[in-house]
Amino acid sequence: MKIVIAEKPSVARELAKVFGATGKKDGYIEGKGYSFTWAFGHLLQLAPPQEYGFIGWRRQHLPMLPAKFKLAIRKIKTKDGLVEDPGVRKQLDIIKKLFDESTEIIVATDAGREGELIFRYIYYFLKCKKPFKRLWISSQTDEAIKEGFRNLKPGTDYDTLFNSAHCRSESDWLVGMNATQALSISAGARSVLSLGRVQTPTLAMICSRYIETKNFVPQLYYQLGIQLDKDGQLFKAVSTVNFNVKEEAQVLFDKIEDVGSGFPNGGKILDVEAKPRKEPPPLLHDLSSLQQEANKRKGYTADQTLNLLQNLYESKLVSYPRTGSRYIGDDVFAGVPQLITQLTTHPDFGKQAEFLMTVPLNKRSVNAKKVTDHHAILPTGEVPYQLSADKQAVYDMVVGRMLEAFHQECVKEVTKITIESGSLFIANGTVIRSAGWRSVLNDKEEDKKDEDNPSLPKVKKGEMLPIVEKALLEKQTKPKPLYNEASLLKALETSGKEIEDEELRYAMKDSGLGTPATRAAIIETLITRDYIMREKRNLVPTFKGLAVYDVVKDQKIAQAELTGSWEKRLEEIRSGASVADFKAEISEYTKSITHELLAAGAGLAEKLVPKKEDPAVV
DNA sequence: GCAAGGTC
């Protein structure tokens, strides 16, 4: 009997289906000489400090550096505190029984670092010695699965991948557990002050943005605005220069030859420029982009959206949600026309679905090379029935995005008119010539400036037009907006670096903070710790968050770059570099950060008592 | 009491 173990039930079911195995048992599926079983993500975790004898939080325990780490069954929180998850225990027992009966194990956890770790932790925890092979596939289609099983790899080929995963796991424990205890103890141990490779840089981003915003001093500046009339159609133009000094603006303002000052045709058209601009459709959604859209449209938190999606996934309405890919392969694309056909009866999208059936589909989101463990989020084709309003809303975002992604580009005409009247003025206008993908949701554009005209009249160079109104506008520079869930998720993808270019952002996916599957949890952790809170739609630091930030802001643990440098080393380990060297470095770093925090937290105790002043001055 | 990672 061969045992196939997948990362999650849905994958095991898919594999069993391809083999024609139909014997549904408790915790596995049997048939054709195979048993297909599964984990539920990580079933095992590194044991907590008390299992190495570090009972209670004590200064003399620090730094805690276990010679050998232990594994423990995943715990859940109940009213009696942390207890072993009974479902996990049960599944582990099933896996153990199957491993014991097996002649060979086939590892079918997700093809990546954590997938490898999920299996190896189970294998070593159960003290299993059976030989194992690795299924390594990047698409879940029948053909890809069959091909993968014909090409099983020796299990030992992935030893270095396991090494890198193992180092990631232990390093996070060492730095997180020690730093957390060190800071909490030195601050007087009145509450948990958690720190970690991901959560602390995230907190730092929120705090530094908050402080920057609070300390922002708006600068006044002046602009001149005019309104012109072309055969009854009015349009606006603003001065090409901004003025810091009001008097300078006033001088030019007085020179504007408007109708009110006795000039019937005082605006001279110097130049007219009209250029077409093409906008490709957006890529399909991955988890993060969908969480951002749901937050912008509906105000859902990242965590709420993830839960709604998980629910839709369990009802088989959408594909696997915790994906970091915004692409699909050609095999999946082959099923897209059918998905679109099914939407012709949809109340909002029916017309666009019908249109798409008549034109070639845009293939921007089709790229097998950019699909990793899971492809972009798509509807499955199952017909939803009586969804709750919030589930329907998320489902519609998945469906709507699919229609957009395969739609045609949007073509606009961008017009710029230069006008002279004492000084120079510019009128901008954008007209959509062919809406393309934008006709699916009919959204207004985000980056529309208020000086933009909805449409501009046809004017000719040299023409003289009446200026019916003029104004000296007083404006203020604005601070960067506070983070909300959408902008924070976006920032986490690129470790806080601001990169607008979609392709470039995508290239940085592997060096982000956290992973698609964990980012919602990071935000919730910071809230649970009372480090940040939601204020309307913004995420703002609390007193406590700012106080902790103040202590750690210059430390390595608060820098997003820490993840980047670890990732680089972990990748080297995956290619065969020394594990011992990395462990020694982490051990040294753990010692130094623990030492520093034990000292630095001393001044924190009194700060944690809220005072009436503005928290930003801490 | 604590990390980050995965998923029901």
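Residues numbered from 1 in each chain as written. Chains lettered and ligands numbered in written order. Predicted model: local features only at pLDDT ≥ 70, side-chain atom pairs only at ≥ 80, totals over all residues. Heavy atoms only, no water.

Going by the annotation in an unreviewed UniProt entry, the name recorded for chain A is DNA topoisomerase, with Pedobacter lusitanus given as the source organism. Turning to chain A, the UniProt record has this under Catalytic activity (unreviewed entry): "ATP-independent breakage of single-stranded DNA, followed by passage and rejoining." A UniProt comment under Sequence similarities (unreviewed entry) is attached to chain A, and it reads "Belongs to the type IA topoisomerase family." (UniProt positions renumbered as here; feature names shortened; annotations may be inferred.)

S.K.: Would you mind going over the pattern of salt bridges with me for this structure?
M.R.: Pairs can form between side chains of opposite charge whenever their charged atoms are close. Tallied over the entire structure, the rule returns 40 salt bridges. Residue Arg74 pairs with Asp85 through a salt bridge whose shortest N-O separation is 3.7 Å. One end of the pair, Arg74, is in the loop between strand E6 (71-73) and strand E7 (75-78); the other, Asp85, is in the loop between strand E8 (81-84) and helix H2 (86-101), and eleven residues separate them in sequence. Look at Arg74 and you get partly exposed, because its relative accessible area is 22%. Taking the shortest distance from any N to any O, the salt bridge between Asp159 and Arg120 comes out at 2.9 Å. (Salt bridge = Lys/Arg side-chain N within 4 Å of Asp/Glu carboxyl O. Helix = DSSP H or I, 4+ residues; strand = E, 2+ residues; numbered from the N terminus. Buried < 20%, exposed > 50% of the residue type's maximum accessible area, 1.4 Å probe, protein only.)

S.K.: I keep staring at the domain arrangement of chain A and nothing clicks. Help me out?
M.R.: With domains assigned, chain A is organised as domain 1 (2-151), domain 2 (168-213 + 482-617), domain 3 (220-278 + 411-476) and domain 4 (287-405). Domain 1 and domain 2 are separated by 29 Å when their C-alpha centres are compared. Across the contact, 19 residues belong to domain 1 and 21 residues belong to domain 2. When the area that domain 1 buries against domain 2 is broken down by residue, the three leading residues are Trp57, Arg59 and Leu62, summing to 34%. There are two salt bridges connecting domain 1 and domain 2. Glu114 is the partner of Arg168 in a salt bridge, and the nearest nitrogen-oxygen pair spans 3.0 Å. On inspection of domain 1 and its partner domain 2, the count reaches five residue pairs in polar contact (both at pLDDT 80 or more). Broken down by element, the side of domain 1 that touches domain 2 gets its largest block of residues, four residues, from helix H3 (residues 113-125). Tallied by class, residues from the side of domain 1 that touches domain 2 come to 14 nonpolar, one polar and four charged. (Domains from an automatic or database assignment. Contact = heavy atoms within 4.5 Å. Buried area = accessible area lost by both parts, 1.4 Å probe. Polar contact = N/O pair within 3.5 Å; in protein donor to acceptor, adjacent residues only side chain to side chain. Nonpolar A, V, L, I, M, F, W, Y, C, P; charged D, E, K, R; others polar.)

S.K.: Explain the environment of Ile145 to me, please; I cannot follow it from the model alone.
M.R.: Counting through the fold element by element, Ile145 comes out in helix H4 (residues 142-150). Dropping the residues within four chain positions of it, Ile145 is found in contact with Glu14, Leu15, Val18, Leu135, Ile137 and Gln140.

S.K.: I keep staring at the UniProt feature "domain: Toprim" (unreviewed entry) in chain A and nothing clicks. Help me out?
M.R.: Sites flagged by UniProt as "domain: Toprim" (unreviewed entry) map to residues 1-141. The span residues 1-141 is 28% helix and 28% strand, and its two end C-alpha atoms sit 24 Å from each other.

S.K.: Please explain the pairing of strand E16 (residues 423-434) as it appears in this structure.
M.R.: Remark: a regular strand shows side chains that alternate across the two faces of the sheet. Bridge count for strand E13 (residues 233-239) against E16 is two bridges, and the pairing is antiparallel. From the neighbouring strand, Val238 faces E16, where its bridge partner is Ile426. In the sheet, strand E15 (residues 410-421) pairs with E16 via eleven bridges, with the strands oriented antiparallel. Within E16, the residue paired with Ser421 across the bridge is Ser423. Counting the residues that bridge the hairpin from E15 to E16 gives one residue, and of these Gly422 lies at a positive phi of roughly 85°. (Pairing = 2+ DSSP bridges.)

S.K.: Hey, could you run me through the sheet that holds strand E10 (residues 132-134) in this one?
M.R.: By way of backbone hydrogen bonds, the strands of a sheet pair with one another, either parallel or antiparallel. The strand order across the open sheet built from seven strands is E2-E3-E4-E1-E9-E10-E11, with neighbouring strands paired in mixed fashion. At either end of the open sheet lies a strand with only one pairing partner, and these are strand E2 (23-25) and strand E11 (153-154). The pairing of E10 with E11 spans two bridges and is antiparallel. What sits directly across from Lys133, in E11, is Pro154. Contacts from helix H1 (residues 9-19) reach strand E1 (2-6), strand E3 (28-31), strand E4 (34-38) and strand E9 (104-108), with the element oriented near 165° to E4. Sitting on the sheet, H3 is in contact with E1, E9 and E10, with an inclination near 175° to E10. (Axes fitted to C-alpha atoms, helices over the stretch in contact; angles between N-to-C directions.)

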